[in-house]
Amino acid sequence: MSTIPIDDSLAVPPPHSAPVSSASDVARLINTRSDKNSYARMIVFLALGGVFLDAYDLTTLSYGIDDVVREFSLTPTLTGLVTSSIMIGTIVGNLLGGWLTDKYGRYSVFMADMLFFVVSAIAAGLAPNVWVLIGARFLMGIGVGIDLPVAMAYLAEFSKFSGKANKASRLAAWCPMWYAASSVCFFIIFGLYFLLPEQHLDWLWRASLLFGAVPALLIIAVRSRFMNESPLWAASQGDLKEAVRILRDSYGIHAHEAQPAVPQAKKVAAPKVSFRVLFEKPYRERTIVAGVMNVCISFEYTAIAFFLPSILAQFLGAGVFETISASLGLNALFAFTGGLLGMRLAWKYPSRHVAIAGFALQFIALVALALIGHPQAALGIGFAVLMLGLWLFAEGFGPGAQLMIYPALSYPTSIRATGVGFSRSLSGIGSALALFVLPILKASLGTNMFWVVSLSAIIPIIFLLVVRFEPTRHDIDDHQPEGESL
């Protein structure tokens, strides 16, 4: 007896099931979800785990570069290649990772990028010569660059738009996670220092690099069990059936694919992923502001954070151990606490206002440091250290937190990772420029260098005042305006 095929499109949806016909419907269902969801929180936690690895890998070699120079008898040029190779890889990875994430989905890229961390960490830790080390660090930079756009996409797309633990707050969490990872990196190096035999302390830099593969392997194992595709991305690609499945599995939301009023001749094509879209209306002004913020923030962050040990040594006249300890103390006391405050401010106040306040405090701190010069008295030294702390605190709650919030919430799901990746690539350029220019400025201007660095705090304020787009005003995935006021 022949069977009659059943047309799934005519199936009656279950009761209390919400119809889904677009990404806007998916966004609305997530935003109106009232109960807490442990599955979505786990995905957010794993995304922040990627950020932790990014910070760890970027920080590790800064504590062992002197041993690398001695072991491989490096010239200044080769030393520069070793230290900059990961940054160059990051720039490439940001551009590539953002595009891949929007083109092929969050899940595929997120699961694959950890392999970069594992392979590069092992290759760098066992490098027989400097060229293998440079290549491994470049590969590691690509992994870092790929991970940030996809991690920010997950943080934004597995969170509600308003209330506690909203999109902005979870995006801001990247900042304290970054500072926490930098501190953990230091403590791991301290632990390895006491574990290694005294005659093999020159292996410390290798051991710390190899250790980076351990958390990456753990994250791979956990991700394979808990990770899922973003329902917003699936819906933006026209795959409503997959979006409905993810809503059910990740949120427990009962939904069904809505049938169009007029039958479609063919499936709707997925949106084209292109960097050109970032410079078309209504995204052009947002791209410019996000780019300016990334370049300026990375420039002044490099000026303060990277040169913080030498600045403190100059102010305090302390040794290496005391200087590094003071650097970590300032980061934990001011930058980390500022980052935690930034998470709270992010779900209460407009992004532009918080960013402008942070930049303004940084400008005050930098001008004060330029005016103080080389303090001799204890009061002057204490005030200078306090100004460094003020800068780090302002970085944590203001520019540092908003660095991800502004681009991630300025673009819809279809180009979100591309926008974040493009902005982050400019951040790498800002860091590279600072590493090249600041030593020259420091040699010729001394502490007057802070006058130049202060420009990086005032320029973004001007752009934020002119371009009055507020990314936390409305959910761009739920409602996309035709234009914006300037």
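Under the annotation held in an unreviewed UniProt entry, the chain carries the name MFS transporter and is attributed to Chimaeribacter californicus. Heading Subcellular location (unreviewed entry) of the UniProt record for the chain holds this comment: "Membrane".

(A) Layout of the pattern of salt bridges. One pass over the full model with this rule turns up 12 salt bridges. A salt bridge links K281 to E285, with the shortest nitrogen-to-oxygen separation between them at 2.6 Å. The closest approach of N and O atoms between R416 and D477, which form a salt bridge, is 2.8 Å. Placement of R416 in helix α19 (residues 416-445) and of D477 in the segment after α20 (449-466) is noted, with a sequence separation of 61 residues between them. By the burial criterion, R416 is buried, and D477 matches it.

(B) Main features of helix α17 (residues 378-397). An ideal rise of 1.5 Å per residue puts 28 Å on 20 residues; α17 measures up with 29 Å between its terminal C-alpha atoms. Looking only at α17, the buried set comprises I381, A384, M387, L388, G389, W391, L392, A394, E395, G396 and F397.

(C) Broad picture of a nonpolar patch on the surface. On the surface, I288, L455, I459, I462, F463 and V466 cluster together into a nonpolar patch covering about 500 Å² of accessible area. Among the elements that line the nonpolar patch, the one with the most residues is α20, at five residues. Within the secondary structure, F463 is located in helix α20. Judged by relative accessible area, which is 31%, F463 ranks as partly exposed.

(D) Structural context of the side chain of R206. Within the secondary structure layout, R206 lies in helix α9 (residues 204-211). Owing to a relative accessible area of 14%, R206 belongs among the buried residues under this scheme. With residues near it in sequence (within four places) discarded, R206 still touches E71, F72, A124, G125, L126 and A127.

(E) Geometry of helix α4 (residues 76-104). For α4, spanning 29 residues, the distance from its first C-alpha to its last is 41 Å, which sits close to the expected 42 Å at 1.5 Å a residue. At S84, α4 is deflected by roughly 40 degrees, the largest bend along its length. In the stretch just after α4, G105 is the one whose phi turns positive, near 105 degrees.

(F) A look at the nonpolar core. Counting residues in hydrophobic clusters, the biggest one holds 92 residues, and the most contacted among them are M152 and L247. M152 has contacts with V51, L171, W174, M404 and V420, leaving out every residue within four places of it along the chain. Judged by nonpolar contacts, the second largest core, of 15 residues, contains I65, V68, V130 and I134.

(G) A look at the environment of K442. Note on placement: K442 falls in helix α19. Between the alpha carbons of K442 and A303 there is a distance of 10.0 Å; along the sequence they are 139 residues apart.

(H) Quick look at the packing of α4 against α19. With their axes 7 Å apart at the nearest point, α4 and α19 run at an angle of 170 degrees to one another. Relative to α19, the element α4 lies roughly antiparallel. Of the residues in α19, those touching α4 at M87, I91, N94, L95, G98, W99, T101 and D102 are R416, A417, T418, G421, F422, R424, S425, G428, I429 and S431. In terms of residue class, the contact of α4 with α19 is built from seven nonpolar, eight polar and three charged.

(I) Structural context of unusual backbone geometry. The omega torsion of the bond from K281 to P282 falls at 5 degrees, within 30 degrees of zero and hence cis. Positioned with a positive phi, S73 is a non-glycine residue whose angle comes to about 50 degrees. Among the structural elements, S73 can be located in the loop between α3 (65-72) and α4. S73 sits in the exposed class, given a relative accessible area of 60%.

(J) Just the packing of aromatic side chains, in detail. Per the stated rule, a full pass over the model turns up 12 aromatic pairs. Plain terms: the ring middles of F158 and Y251 are 6.0 Å apart, the flat faces sit at 10 degrees to each other, and that makes the pair stacked. Separated by 93 residues along the polypeptide, F158 in the loop between α6 (130-157) and α7 (167-172) and Y251 in helix α12 (residues 240-251) bring together distant segments of the chain. A residue is classified by how much of its surface remains accessible, and F158, at 1% relative accessible area, is buried. The buried category is assigned to Y251, whose relative accessible area is 5%. Note on Y301 and W391: the rings are 6.5 Å apart at their centroids and 35 degrees apart in plane angle, and the pair reads as tilted. On the criterion of sequence distance, the pair formed by Y301 in helix α13 (residues 284-306) and W391 in helix α17 is long-range, its members being 90 residues apart. Residue classification places Y301 among the partly exposed positions, given a relative accessible area of 25%. Three or more aromatic residues joined by ring pairs form one cluster here, namely F110, Y154, F158 and Y251. Sitting over the ring of F469, R286 keeps its end group 3.9 Å from the ring centre.

(K) How the structure looks around the environment of G421. Relative to the helices and strands, G421 is located in helix α19. On the accessibility criterion, G421 (0% relative accessible area) is buried. For the pair formed by G421 and W99, sequence separation is 322 residues and the distance between their alpha carbons is 7.7 Å. Once you skip the residues sitting within four places of it in the chain, G421 turns out to touch N94, L95 and P149.

(L) View of the confidence of the model for the chain. Averaged over the chain, the pLDDT score is 82; the fraction of residues at 70 or greater is 86%. Summarising per-element confidence for the chain, the mean pLDDT is lowest in helix α14 (residues 308-316) (63) and highest in α20 (94). Confidence drops under a pLDDT of 50 for residues 1-10, and excluding neighbours within four residues, the segment shows one contact in the predicted structure. Here residues 480-486 is modelled with pLDDT under 50, and outside its nearest four sequence neighbours on either side it reaches 18 contacts, counting other chains as well.

Definitions and cut-offs
- Residues numbered from 1 in each chain as written.
- Predicted model: local features only at pLDDT ≥ 70, side-chain atom pairs only at ≥ 80, totals over all residues.
- Heavy atoms only, no water.
- UniProt positions renumbered as here; feature names shortened; annotations may be inferred.
- Salt bridge = Lys/Arg side-chain N within 4 Å of Asp/Glu carboxyl O.
- Helix = DSSP H or I, 4+ residues; strand = E, 2+ residues; numbered from the N terminus.
- Buried < 20%, exposed > 50% of the residue type's maximum accessible area, 1.4 Å probe, protein only.
- Expected span 1.5 Å × (residues − 1).
- Patch = residues over 30% accessible without salt bridge, like charges linked within 9 Å, V, L, I, M, F, W, Y side chains within 5 Å.
- Areas by Shrake-Rupley, 256 points an atom, 1.4 Å probe, with all protein chains shown as cover.
- Contact = heavy atoms within 4.5 Å.
- Bend = angle between axes of the 7 residues up to and from the residue.
- Core = buried A, V, L, I, M, F, W, Y, C linked by side-chain atoms within 4.5 Å.
- Axes fitted to C-alpha atoms, helices over the stretch in contact; angles between N-to-C directions.
- Parallel < 35°, antiparallel > 145°, perpendicular 65-115°, else oblique.
- Nonpolar A, V, L, I, M, F, W, Y, C, P; charged D, E, K, R; others polar.
- Phe/Tyr/Trp six-rings, centres within 6.5 Å; stacked < 30°, edge-to-face > 60°.
- Lys NZ or Arg CZ within 6 Å of the ring centre and 35° of its normal.
- pLDDT = per-residue confidence, 0-100.

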